[in-house]
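Close look at the chain arrangement
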Amino acid sequence: WNPGSFPPSAGRNNNLDMIRFFAALLVILCHAYPISMGEEHMDLLGRITGGQIHFGNLAVCIFFLYGGFLIAKSAERLQTAGAYFKARILRLFPCLIVVTLVLALVAGPCLTTFSPGEYFSQIGTWKYLLNSVMILIHDLPGVFEGNIYGQTVNGPLWTLPIEFLCYVMCFLVWKMGLMNKKWMKWTALAFSAGYIGMKLMLGSGSLLASALRPAGLFYAGMLYYVYREHIKLRWQAALLCFLALLFFTWRGWLEAVIFVFLPYLLLYIGYGTSRKFSNFSKYGEVSYGIYLCGWPIQQVLCMQFGGRMNPLANFFLALPIAIFCGFLLNKLVEVPIAHMDKRRVLVRSKQQDIQED
């Protein structure tokens, strides 16, 4: 294997688990400012870049870029819709369902200003459970009413429907036979035209407009997967991409170049370094759990400080609690479900062997 190129299998000898872990921490850092001081406050990166990007958006870009790369590999490997979407559902929904149930049925009654009877008689309590199937309901009755940010119980959930739509897009591209070296480059024209058209139509203030950048990075990850054998990962090129991002951000043009320079930089950091931390998550991959739990933990902390607090205090207090919750979700939900699914596959394979015999 040429160290300057992607590994032949694009397997587990990479830094992705470590990068996603720190990206999840960046999400908590980003959210500490609006949660603690009000919606108009941004983290340091947001202030430096004039709002072009903040730590939370950078983290989401990281998740979606690597997601596009890995999910394209999954579509190519699994091939059937049943196997592909089963894998995606088992990855996203179990932890989401558990967190939604705990927030609505355990944390909510403890945090609400209503009595337990009043709380459970509110339609909003039961509507909140729709979050477990990615129908976004942000408030629980009487919860976080005094917080400066408002009653939003788990703001980051907005990215999950976008992520699932990207999964659908990826499978459709594969199913139509476009995910190969001959045809994939032509999809870039259609995607670029659609992206620009949506950007002009939506402007910059809507939630849908916020979804365009992550979706674009997901698509860039797919492109890199298809053409990975032709891409050399060099530190010199990664450095040039980093400097280009700095320059164009300084000029206010980040949106025009982020899909050109950021994917290469992230994929170099993920796959191209000579030293890799492939065992980073040997005790559990906790980034998704941190992502799901960080916001409600930060809101609870802010509530305990009277509705507003110092953002850095919020960040450092929330950090160990969110990591611990992520660890619990991994050990109690993700790992058992993965083992259960493997056992089902083995049993089915043995039954098929018996029938063939």
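These notes cover the structure that comes with them. A quick note: this is a predicted structure, and the numbers were derived from the prediction, not measured. (Residues numbered from 1 in each chain as written. Predicted model: local features only at pLDDT ≥ 70, side-chain atom pairs only at ≥ 80, totals over all residues. Heavy atoms only, no water.)

So, the packing of helix α10 (residues 235-250) against helix α11 (residues 254-272)
Two quantities define a packed helix pair, namely the angle between the axes and the distance from one axis to the other. Packing of α10 against α11 leaves a shortest axis separation of 9 Å and a crossing angle of 150°. With respect to α11, the element α10 is oriented roughly antiparallel. Where α10 crosses over α11, the handedness of that crossing is left-handed. For the pair formed by α10 and α11, the contact residues are W235, A237, A238, C241, F242, A244, L245, F248 and T249 on the first element and L254, V257, I258, F261, L262, Y264, L265 and Y268 on the second. Residue composition of the contact of α10 with α11, by class: 16 nonpolar, one polar and no charged. (Axes fitted to C-alpha atoms, helices over the stretch in contact; angles between N-to-C directions. Helix = DSSP H or I, 4+ residues; strand = E, 2+ residues; numbered from the N terminus. Parallel < 35°, antiparallel > 145°, perpendicular 65-115°, else oblique. Left-handed = near helix turned anticlockwise from the far one by under 90°. Contact = heavy atoms within 4.5 Å. Nonpolar A, V, L, I, M, F, W, Y, C, P; charged D, E, K, R; others polar.)

With respect to a nonpolar patch on the surface
Residues I97, V98, L101, V102, L105, V106, F120, I123 and W126 make up a contiguous nonpolar surface patch of about 730 Å² in total accessible area. Of all the secondary structure elements, the ones that give two or more residues to the nonpolar patch are α4 (81-111) and α6 (123-127). The dominant element in the nonpolar patch, judged by the number of residues it contributes, is α4, at six residues. Mapped onto the elements of the fold, W126 is located in helix α6. (Patch = residues over 30% accessible without salt bridge, like charges linked within 9 Å, V, L, I, M, F, W, Y side chains within 5 Å. Areas by Shrake-Rupley, 256 points an atom, 1.4 Å probe, with all protein chains shown as cover. Salt bridge = Lys/Arg side-chain N within 4 Å of Asp/Glu carboxyl O.)

Describing the pattern of salt bridges
Enumeration over the complete set of coordinates arrives at five salt bridges. Where R91 meets E334, a salt bridge forms, and the shortest distance between an N and an O atom there is 2.6 Å. Taken together, the positions of R91 in helix α4 and E334 in helix α13 (residues 311-356) put the pair 243 residues apart, joining distant regions of the chain. A salt bridge links E255 to R213; the shortest N-O distance between them is 2.5 Å.

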